[in-house]
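Descriptive analysis of the structure
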Amino acid sequence: MPVVDVHTHVVPKGWPDLAAACGGSGWPWLRVDSERAAMIMVGETEFRPIGAQCWDAPTRLADMSTDGVDVQVVSPTPVFFSYDRPADQAVKVARIFNDLTLEVTAAGGDRLVPFCQVPLQDADAACAELDRCLAAGHAGVEIGNHVGDRDLDDAGIVQFLTHCAEVGAPVFVHPWDMPGGPRLDRWMARWLAGMPAETHLSVLALILGGVFDRVPETLRICFAHGGGSFPFWLGRADNAWHRRGDLVRGASSTPPSSYVGRFHVDSVVFEPAALRLLVDTMGAERVLLGSDYPYPLGERPVGQVVHRADFLTDEQRAALLGGNALRFLGR
């Protein structure tokens, strides 16, 4: 059984001037500091330092071999989603980065599985770009967990998710665009607290917004970072659904816990105790190996939390390391 990491990111080593290619201003650009180091810039602000792992397939493949990973799903880095821009600009930037991602992953053969991005603020354009990318060689799509104040139960996003279900494209949901402010701008708190909360909220949107009651069961969707704080607080959501149904039930037909079989989560929770809760809550068949490679808040060596989890049976460990991901990818 191959080991499959469903949560990794790519940044190409350079791209066209986005203001000239797409219109608008304030686009991300890459300041190349050396052959193997660069800085993602947004305007004149440093956003994130990156290394050759982001764009160099041989470096990525060597790290995979060191960690015993056979296959990576390679997804965009969310700073490039551009959901806050006019749809025509977002279409252009998606095309640029989706085509560059194929160039990066082509050097890895079957070991690197590309996922695309789409202009999620425009459902028709998002469906069209997904179809173009699937025809070009992408295997699925990564989306952010919201578009401004529109969560995953927004009608346009539901239209896109329904299209994904119909064409068989797996969807990986990554939190992004977390709120800031004095309390969240210290200690990377937007990543440490904001990201889990964002994912929690968007899982609730799919459930309480009635999306899982409307979208075909063929939808394959996975949430990053262990589903955020949702698995830990599922009991709280059920309790509220029963006790304050007048406010909480929304469009859902059954309690939140009845929907855990409709989505997957990755294993990026770092500690066996957290993984035990995840497996107990979601079921071992719903947890996929993820690492958040190549970023510093990810897990290296990849899969160590699964290997350290002595409560897993051999069958469950094999499922988490690869079997579940193959099913998610439709392989």
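Look above for the structure.
Right, let's walk through the structure included here. (Residues numbered from 1 in each chain as written. Predicted model: local features only at pLDDT ≥ 70, side-chain atom pairs only at ≥ 80, totals over all residues. Heavy atoms only, no water.)

1. Quick notes on the overall build of the chain
Helix and strand counts for the chain stand at 12 helices and 11 strands. Relative to the globule expectation of 20 Å for 331 residues, the C-alpha radius of gyration of the chain, 19 Å, shows essentially globular dimensions. For the C-alpha atoms alone, the extent of the chain along its principal axes is close to 55 × 45 × 45 Å. In the chain, the proportion of contacts linking residues at least 24 apart, taken out of those at least 6 apart, comes to 70%. Here the chain has roughly 13700 Å² of accessible surface; of this, 53% comes from carbon and sulfur atoms. (Helix = DSSP H or I, 4+ residues; strand = E, 2+ residues; numbered from the N terminus. Rg over C-alpha atoms; globule rule 2.2 N^0.38 Å. Contact = heavy atoms within 4.5 Å. Areas by Shrake-Rupley, 256 points an atom, 1.4 Å probe, with all protein chains shown as cover.)

2. Concerning unusual backbone geometry
Residue Y293 is joined to P294 through a cis peptide bond whose omega torsion reads 5 degrees. A cis amide bond links R300 to the next residue, P301, at an omega of -10 degrees. Looking at the element boundaries, P301 is found in the loop between β11 (287–288) and α11 (304–308). The residue W187 is not glycine, and still its phi comes out positive at about 55 degrees. Position of W187 relative to the elements: it lies in the loop between β8 (171–174) and α6 (189–208). Residue classification places W187 among the exposed positions, given a relative accessible area of 62%. Even without being glycine, H225 reaches a positive phi, approximately 55 degrees. Within the secondary structure, H225 is located in the loop between β9 (221–223) and α8 (234–243). Residue H225 is classed as buried on the basis of its relative accessible area, which comes to 16%. (Buried < 20%, exposed > 50% of the residue type's maximum accessible area, 1.4 Å probe, protein only.)

3. Some remarks on the sheet that holds β9
Strands sit in the order β1-β5-β6-β7-β8-β9-β10-β11 across an open sheet of eight strands; the sheet is parallel. A strand with exactly one partner marks an edge of an open sheet, and here the two such strands are β1 (4–10) and β11. Of the strand pairs in this sheet, β9 and strand β10 (residues 264–266) are connected by two bridges, and their pairing is parallel. By the bridge assignment for β10, C222 is matched with H264. Taken strand by strand, α6 contacts β8 and β9, and its axis lies near 150 degrees from that of β9. (Pairing = 2+ DSSP bridges. Axes fitted to C-alpha atoms, helices over the stretch in contact; angles between N-to-C directions.)

4. Describing the sheet that holds strand β2 (residues 28–34)
Judged by pairing direction, the sheet is antiparallel, and its three strands sit side by side in the order β2-β3-β4 without closing on themselves. Edge positions in the sheet fall to β2 and β4 (45–51), since each has one partner strand and no second. Pairs of neighbouring strands in the sheet enclose a mean axial angle of 25 degrees, with direction left out of account. With six bridges joining them, β2 and strand β3 (residues 37–42) adopt antiparallel strand pairing.

5. Overview of the pattern of salt bridges
For the coordinates displayed, the defined rule picks out 12 salt bridges. Linking R300 and D67 is a salt bridge whose minimum nitrogen-to-oxygen distance equals 2.6 Å. Of the two residues, R300 is situated in the loop between β11 and α11 and D67 in helix α2 (residues 57–67); the sequence distance between them amounts to 233 residues. Judged by relative accessible area, R300 falls into the partly exposed class, the value being 39%. For D67, a relative accessible area of 15% translates into the label buried. A salt bridge links R150 to D154; its shortest N-O distance comes to 2.9 Å. R150 gets classed as partly exposed once you look at its relative accessible area, which sits at 27%. Among the ionic contacts, a cluster of salt bridges with common partners joins R95, D99, E129 and R132. (Salt bridge = Lys/Arg side-chain N within 4 Å of Asp/Glu carboxyl O.)

6. Examining the packing of helix α4 (residues 123–136) against helix α5 (residues 155–167)
Two elements in contact, α4 and α5, have axes whose closest approach is 9 Å; the angle formed by their N-to-C orientations is 25 degrees. The angle between α4 and α5 falls in the class roughly parallel. The chirality of how α4 crosses α5 is right-handed. Packed against α4, whose contacting residues are A123, D124, A126, C127, L130, D131 and L134, the element α5 presents G156, Q159, F160, H163, C164 and V167 at the interface. (Parallel < 35°, antiparallel > 145°, perpendicular 65-115°, else oblique. Left-handed = near helix turned anticlockwise from the far one by under 90°.)

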